[in-house]
Amino acid sequence: MAPSKLCVTRLTSELKAFRANPPPLAPLVHVSEKDILDWYILLEGPPSSPYEGGWFVMRIKFKPAYPFEAPAVMMLTPNGRFAENQSVCTTEWHEENWAPQWSATTLTIWFLSFMTTNEHTIFGVRTTDEQKRSLAEKSLAWNAAQPGLLKRFPELASKEKMEALKMKKPTT
């Protein structure tokens, strides 16, 4: 099903805003020109958390009726908090909690915040902080080894470029 005109207009506007002023710890977004509904967002592990120093890729799959239907939000990188490639329950699993005024930026901030909790969720996994730290340390290499992710984020192939992204902070 093709996205509605409202959906395309809204996502185009959100993408422009996201790129102009990315949310904290989310320096890059990739959206194919062929599919405005499928977003990949590169996340830096939150400081003072077991994920610190790691790089993770989340995916938002918007529905054609967005913003009136909740998107699916998932983590692609092994992380010790969420099962990879599975929709995190609080988005499409709980449509009654969805609000059309939420945006990709709102979802990204929520996702990073939710990532650092131990709250039970469908497709959540339970690991120790040490296991999460280990996955964070391996995350850059894991992401770089995935051809699809490397194509979307060529920066993953260079530690220098990733360090430069750490220095890139959103403007306020």
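In this report, the structure presented in the accompanying data block is examined. Since we're looking at a predicted model, the values are computed, not measured. (Residues numbered from 1 in each chain as written. Predicted model: local features only at pLDDT ≥ 70, side-chain atom pairs only at ≥ 80, totals over all residues. Heavy atoms only, no water.)

Time to look at the packing of aromatic side chains. By the definition in use, this model includes ten aromatic pairs. On the numbers, 5.8 Å between centres and 85 degrees between planes, the contact of Tyr51 with Phe56 is edge-to-face. Residue Tyr51 is classed as buried on the basis of its relative accessible area of 1%. Through a chain of ring-to-ring contacts, three or more aromatic side chains come together here, namely Phe18, Trp39, Phe62, Tyr66, Trp98 and Trp102. The ring of Phe114 has Arg81 sitting right over it, with the charged end atom 4.8 Å from the ring centre. (Phe/Tyr/Trp six-rings, centres within 6.5 Å; stacked < 30°, edge-to-face > 60°. Buried < 20%, exposed > 50% of the residue type's maximum accessible area, 1.4 Å probe, protein only. Lys NZ or Arg CZ within 6 Å of the ring centre and 35° of its normal.)

Glancing now at the nonpolar core. Judged by nonpolar contacts, the single largest core of 31 residues is most densely connected at Leu11, Trp39, Ile41, Leu43, Ile60, Phe62 and Phe111. Every element with two or more residues in this core is listed here: helix 1 (5-20), strand 1 (28-31), strand 2 (38-44), strand 3 (55-61), strand 4 (72-75) and helix 2 (104-115). When residues of this core are assigned to their parent elements, the largest contribution, six residues, is made by helix 2. Apart from residues no more than four positions distant in its own chain, Ile60 is found in contact with Leu37, Asp38, Trp39, Ile41, Pro71, Ala72, Val73, Ala104, Leu107 and Thr108. Core analysis: the second largest hydrophobic core is formed by 14 residues, Leu42, Val57, Phe153 and Leu156 among them. (Core = buried A, V, L, I, M, F, W, Y, C linked by side-chain atoms within 4.5 Å. Helix = DSSP H or I, 4+ residues; strand = E, 2+ residues; numbered from the N terminus. Contact = heavy atoms within 4.5 Å.)

In space, the four strands of this open sheet follow the order 1-2-3-4, with antiparallel pairing throughout. The strands lining the two open edges of the sheet, one partner per strand, are strand 1 and strand 4. Sheet twist, expressed as the mean angle between neighbouring strand axes with direction ignored, is 20 degrees. (Pairing = 2+ DSSP bridges. Axes fitted to C-alpha atoms, helices over the stretch in contact; angles between N-to-C directions.)

Where side chains of opposite charge bring their charged atoms close, a pairing between them can arise. Applying the stated criterion across every chain yields a total of three salt bridges. The partner of Glu14 in a salt bridge is Arg10, and the shortest N-O contact between them spans 2.6 Å. Within this pair, Glu14 and its partner Arg10 are both found in helix 1, separated by four residues, close to a single helical turn. Under the relative-accessibility criterion, Glu14 is labelled buried at 9%. Between Asp38 and Arg59 there is a salt bridge, with the nearest N and O atoms lying 2.7 Å from each other. In this pair, Asp38 sits in strand 2 while Arg59 sits in strand 3, placing the two residues 21 residues apart along the sequence. With a relative accessible area of 17%, Arg59 lands in the buried category. (Salt bridge = Lys/Arg side-chain N within 4 Å of Asp/Glu carboxyl O.)

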